[in-house]
Amino acid sequence: MLSFALGVLLGLAACVSLLDNGLLRTPPMGWEPWVRFKCNTDCKRDPENCISEHLIKAMADRLAGDGWKKLGYEYITLDDCWAARKRDVEGRLQADPQRFPSGMKTLADYVHSKGLKFGIYSDLGNATCAGYPGTTLDVVETDAETFAEWGVDMLKLDGCHSNSSLKAIGYPKMSRALNRTGRPIALSCSWPAYEGGLPPKVNYTLLGQICNLWRNYADIEDTWDSLFGIIEWYGDHQDILQPASGPGRWNDPDMLIVSDFGLSHEQSKVQAALWAILAAPFFISCNLRNISEEAKDILQNPLLIYINQDLRGIQGRLVARKQNFEVWKRPLVNGQYAIAVLNNCTDGAPRSFATTLRLLDISSCRVGYKIYSVLDKLFLGAYALSDTLIAKVPPTGVVLLFLYPLC
Ligand code: GLA
């Protein structure tokens, strides 16, 4: 009887094969086309902005050439609309021959030659969200092998045109199939976003075992309302979301929309600051060919990136909501902290928020902390635990602070 029970247990353990790729010990950084370039396939009329090898190569050139790569932005990923409308005669996915005439392997080689990593997109269902061929259950292995042969380093696996039971089988199946290729391929699972993002429908323990990152909420749109809605959802459900995240398994609140059309400069800082606090992937979705200096200044801020990439990998938490202020706090290595004070009023002048380190429950170094205003690139001074700290925060804006212990 005992040996039968043991056999069943071992059998179960064998079914749950982990995504054992050791990747993404810190959140991934890079560029992704979807928010900015969508499913623009009209290369005749819009050759510079259509989804094509030309666009991907141009962005790889910018990422490698304009100082991004050395700061950690290393993934160039495709999103939807890269594939031909039909699989090839052997049932394999193929790139659209007009827009990707050199083929995906050559494109991946180009990206690698720039010292970057190459990501691709598919959908666990009958079709992708934009209607291109999907990865049905019977071709999960075939697609994993194809991606490995092309030299793919990350797969975003979406979940349109499918259902809950298929996803429950398909996501773990893809995870195992990627493992089996022998190529380290990070897996981004959109699964939770299709199940409302919360238990009992979403099992974050399982996700942490089979995916490196996952989208859990609605698509970001190029507006403040969309951005703030995501921040609020993460705050409201942090007791579930925060422990789910850690090295190798990240919550993904979606792409950075800094330098697109919808956000003011101050609102752009909000996204950058909160994504750093949330240990979120930094996937920029803008046109890197004409990114503004202001936007570049935000996204290339070394201290911002240092916070995002902190090796403890602890997602920050919303610690106070008061009079349209939100205070977010993230513990970092060596007793350091990041604090974001967000003012979500949409009208009026900057407002002052006053606090002390003690009130923020930051007291392990009794002598005090040096405090830097990260996005203003200012050293504010050394603060004792009971000194009053005042942050002047613009409407729909943020002050991001970095705290360095004096002990
Ligand atoms: C879904 C995803 C988006 C994007 C599109 C592509 O909406 O959530 O991020 O990949 O599909 O069609």
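Residues numbered from 1 in each chain as written. Predicted model: local features only at pLDDT ≥ 70, side-chain atom pairs only at ≥ 80, totals over all residues. Heavy atoms only, no water.

Below, the discussion takes up the overall build of the protein. From N to C terminus, the protein includes twelve helices and 16 strands. When its C-alpha atoms are laid out on the principal axes, the protein stretches across 70 × 70 × 35 Å. Here the protein holds 407 residues, and the buried ones make up 55% of them. In the protein, the proportion of contacts linking residues at least 24 apart, taken out of those at least 6 apart, comes to 72%. Element-wise, carbon and sulfur atoms account for 53% of the exposed surface of the protein, whose accessible area totals about 16,800 Å². Where the 41 positive side-chain charges of the protein centre and where its 44 negative ones centre are 4 Å apart. (Helix = DSSP H or I, 4+ residues; strand = E, 2+ residues; numbered from the N terminus. Buried < 20%, exposed > 50% of the residue type's maximum accessible area, 1.4 Å probe, protein only. Contact = heavy atoms within 4.5 Å. Areas by Shrake-Rupley, 256 points an atom, 1.4 Å probe, with all protein chains shown as cover. Lys, Arg positive; Asp, Glu negative; His and termini not counted. Charge placed at Lys NZ, Arg CZ, Asp CG, Glu CD.)

Turning our eyes to something else, we now look at the environment of His 161. With respect to the helices, strands and loops of the structure, His 161 is situated in the loop between strand E4 (154–158) and helix H6 (164–181). Expressed as a C-alpha distance, the spacing of His 161 and Leu 227, which sit 66 residues apart in the sequence, is 26 Å. Sequence-distant contacts of His 161, that is, excluding residues within four places in its chain, are made with Gly 125, Asn 126, Ala 127, Thr 128 and Cys 129. A distance of 3.5 Å separates the side chain of His 161 from the backbone oxygen of Thr 128, its partner in a polar contact. (Polar contact = N/O pair within 3.5 Å; in protein donor to acceptor, adjacent residues only side chain to side chain.)

A separate point is the site of the ligand. With respect to spatial proximity, the complete set of residues near the ligand consists of Trp 34, Asp 79, Asp 80, Tyr 121, Cys 129, Ala 130, Lys 156, Asp 158, Arg 215, Asp 219 and Met 255. Between the ligand and Asp 80, the relevant distance is 2.7 Å, taken from an oxygen atom to a side-chain nitrogen or oxygen of the residue. The separation between an oxygen atom of the ligand and a polar side-chain atom of Asp 158 is 2.9 Å. When the ligand sits alone it has 310 Å² of accessible area, and the protein chains cover 91% of it. For the shell around the ligand, a count of residues per class yields five nonpolar, no polar and six charged. (Near = heavy atom within 4 Å. Nonpolar A, V, L, I, M, F, W, Y, C, P; charged D, E, K, R; others polar.)

With that settled, consider the domain arrangement of the protein. Along its sequence, the protein is organised into domain 1 (2–308) and domain 2 (317–405). Computed from C-alpha coordinates alone, the two centres of domain 1 and domain 2 are separated by 31 Å. Counting residues at the interface gives 28 residues for domain 1, matched by 27 residues for domain 2. By the criterion of area lost to domain 2, the three top residues of domain 1 are Gln 238, Ile 277 and Ile 307, representing 25% of everything that side buries. For the interface between domain 1 and domain 2, the tally reads five salt bridges. Taking the shortest distance from any N to any O, the salt bridge between Arg 321 and Asp 236 comes out at 2.9 Å. Where domain 1 meets domain 2, there are eleven residue pairs in polar contact (both at pLDDT 80 or more). Only helix H8 (224–236), helix H9 (238–244), helix H10 (265–277), helix H11 (293–299) and helix H12 (302–308) provide two or more residues apiece to the side of domain 1 that touches domain 2. (Domains from an automatic or database assignment. Buried area = accessible area lost by both parts, 1.4 Å probe. Salt bridge = Lys/Arg side-chain N within 4 Å of Asp/Glu carboxyl O.)

Taking burial as the measure, the seven residues of strand E3 (residues 117–123) include six buried ones, the bulk of the element. Across three bridges, strand E2 (residues 75–77) lies against E3 in parallel orientation. Following the sheet pairing, Ile 76 is matched in E3 by Phe 118. Summarising the sheet, E3 and E4 pair through five bridges and their orientation is parallel. Across the sheet, Ile 120 pairs through a bridge with Leu 155, a residue of E4. The parallel pair E3 and E4, bridged by helix H5 (residues 140–150), forms a crossover whose chirality is right-handed. (Pairing = 2+ DSSP bridges. Right-handed = clockwise from strand over helix to strand, strands pointing away.)

With respect to the helices, strands and loops of the structure, Ala 58 is situated in helix H3 (residues 53–65). Under the relative-accessibility criterion, Ala 58 is labelled buried at 14%. Considering only alpha carbons, one finds Ala 58 and Asn 287, 229 residues apart in sequence, at a separation of 9.8 Å.

With that settled, consider H6. The first and last C-alpha atoms of H6 sit 26 Å apart over 18 residues, in line with the 26 Å expected at 1.5 Å per residue. Of the residues making up H6, those classed as buried are Lys 167, Gly 170, Tyr 171, Pro 172, Met 174, Ser 175, Ala 177 and Leu 178. Lining the buried residues of H6 we find H5, E4, strand E5 (186–189) and helix H7 (204–210). Capping the start of H6, Asn 163 holds a side-chain oxygen 3.1 Å from the backbone nitrogen of Ser 165, two or three residues further along. Immediately beyond the C-terminal end of H6, within one or two residues, lies Gly 182, with a positive phi of roughly 85 degrees. (Expected span 1.5 Å × (residues − 1).)

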